[in-house]
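A look at the structure
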Amino acid sequence: MVDQRQTQRLMYIALFLGLAALMTFYRLLPLGSYGLSQDMAGQDVIAGSDAGFTLANLPAPDFLLCLTLAWVVRRPDLLPAPVIVGYFFIEDILLLRPPGLWALIILMASEYLRSRTEQLRGYGFWLEYLLVAGLLLVMFLANRAMLAIVMVPQVPLGLSLAQFLGTVAVYPVVVAVSHFVFGLRKPATGEVDALGQRL
């Protein structure tokens, strides 16, 4: 029984890391951020530069962040904190972000959701969506505030806001893919698996 649960957990961790690696690899390609912009691919647009709101330079949504939060809400036991912080720390280094800052913010957000697992089970999707949207806003603002405190050049606020709105907009799509493709769903209160273990 324990072996089967451990195998399932390792399979989902491997799936998450594989998807995360694919997303990061695509961001490192010389196409900009997911093929739409340059500001997230290590070529930052400095505040005050000529950056208009065109399709060519709008930042793409952060699909990996949505995937992480969606999985933590649905099955926090399948995505442990060390995996989250370890991967995002490596991504910070690869994408030339301040090492550890974004990883720490994501860790705090995911642990906030993890600590409210029982409460989230009773939420419908739209309440969950509002909670995650509010959490995303806090994360983006906290990141900008910390970068401003240490005087690190940042993308213009408008572009950062555009990425936040895009990330919020694609969250339902990531949840749908997680549910219908990967089989991740929120267990009901008191639900057990086929082995009688509580989910």
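Residues numbered from 1 in each chain as written. Predicted model: local features only at pLDDT ≥ 70, side-chain atom pairs only at ≥ 80, totals over all residues. Heavy atoms only, no water.

**A few points about helix H6 (residues 125–149)**
Which entries qualify depends on this criterion: Helical segments are the DSSP runs of H or I of at least four residues, strand segments are the runs of E of at least two, and each set is numbered from the N terminus. Helix span, as expected, comes to 1.5 Å for every residue beyond the first. A simple rule labels every residue: compare its accessible area, found with a 1.4 Å probe on the protein chains alone, to the largest value its type can have, and call it buried under 20%, exposed over 50%, or partly exposed in between. Only heavy atoms matter for contacts: two residues are in contact if any of them lie within 4.5 Å across the pair.
In this model H6 runs 36 Å from its N-terminal to its C-terminal C-alpha over 25 residues, within 8% of the 36 Å that 1.5 Å per residue would give. Along H6, the residues classified as buried are Glu128, Tyr129, Val132, Ala133, Leu135, Leu136, Met139, Phe140, Asn143, Arg144 and Leu147. Contact partners of the buried residues in H6: helix H2 (63–74), helix H4 (101–114) and helix H7 (157–180).

**Section: the packing of helix H3 (residues 81–94) against H4**
Threshold: Each axis is a line fitted through C-alpha atoms, taken for helices only over the stretch in contact, and angles between the N-to-C directions span 0 to 180 degrees. With respect to orientation, any angle under 35 degrees is reported as roughly parallel, any angle over 145 as roughly antiparallel, any angle of 65 to 115 as roughly perpendicular, and every other angle as oblique. For any helix crossing, the convention is left-handed if the near helix is rotated counterclockwise from the far helix by under a right angle, and right-handed if that rotation is clockwise.
Close contact between H3 and H4 brings their axes to 8 Å; oriented N to C, the two are set at 155°. Relative to H4, the element H3 is oriented roughly antiparallel. Relative to H4, the crossing made by H3 is right-handed. Between H3 and H4, the contacting residues are Ala81, Ile84, Val85, Phe88, Phe89 and Asp92 on the first element and Leu101, Trp102, Ala103, Ile106, Leu107, Ser110, Glu111 and Arg114 on the second.

**Thoughts on unusual backbone geometry**
Its identity is not glycine, yet leucine 96 carries a phi of approximately 60°, on the positive side. Looking at the secondary structure, you find leucine 96 in the loop between H3 and H4. In this structure, methionine 151 is a non-glycine residue whose phi angle is positive, near 60°. Along the chain, methionine 151 falls in the loop between H6 and H7.

**Here's the deal with the nonpolar core**
The criterion, for reference: Side-chain atoms within 4.5 Å are what join buried Ala, Val, Leu, Ile, Met, Phe, Trp, Tyr and Cys residues into a set we call a nonpolar core.
Core analysis: the biggest nonpolar cluster contains 44 residues, and Leu64, Leu65, Leu69, Trp71, Leu136, Met139 and Tyr171 have the highest contact counts within it. Of all the elements in the fold, those that place two or more residues in this core are helix H1 (2–28), H2, H3, H4, H6 and H7. Looking at which element gives the most residues to this core, the answer is H2, with nine residues.

**Some words on the confidence of the model for the chain**
Our working definition: For every residue, the predictor reports its confidence as pLDDT, a number between 0 and 100.
Mean pLDDT over the chain works out to 83, with 79% of the residues at or above the 70 mark. Every residue in residues 32–51 is under pLDDT 50, and counting partners more than four places away or in other chains gives 54 contacts.

**Details of the side chain of arginine 74**
Note on placement: arginine 74 falls in helix H2. Not counting chain neighbours up to four residues away, the residues in contact with arginine 74 comprise Phe125, Glu128, Tyr171, Val175, Leu184, Arg185, Lys186 and Pro187.

**Structural notes on the packing of aromatic side chains**
Convention followed: Only centres within 6.5 Å qualify two rings of Phe, Tyr or Trp (six-membered ring in Trp) as a pair; their planes then separate them into stacked at under 30 degrees, edge-to-face at over 60, and tilted for everything else.
Throughout the structure, instances matching the rule amount to eleven aromatic pairs. With a centroid separation of 6.2 Å and an interplanar angle of 85°, the aromatic rings of tyrosine 87 and phenylalanine 88 are classed as edge-to-face. Joined through ring pairs, the aromatic side chains of Tyr12, Phe16, Trp71 and Phe182 make up one cluster.

**Some points on the pattern of salt bridges**
Note the threshold: Think of a salt bridge as a Lys or Arg side-chain nitrogen and an Asp or Glu carboxyl oxygen that are within 4 Å of each other.
In the structure shown here, the tally under the stated rule is eight salt bridges. Here glutamate 91 makes a salt bridge to arginine 97, at a shortest N to O gap of 2.9 Å. According to the relative accessible area criterion, arginine 97 is buried, its value standing at 18%. Its salt-bridge partner being glutamate 128, residue lysine 186 comes within 3.3 Å of it at the nearest N-O pair. Taken as a pair, lysine 186 in the segment after H7 and glutamate 128 in helix H6 lie far apart in primary sequence, 58 residues in all. Among the residues examined, glutamate 128 registers a relative accessible area of 0% and is labelled buried. A single salt-bridge network, built from bridges that share partners, covers Arg27, Glu91, Asp92 and Arg97.

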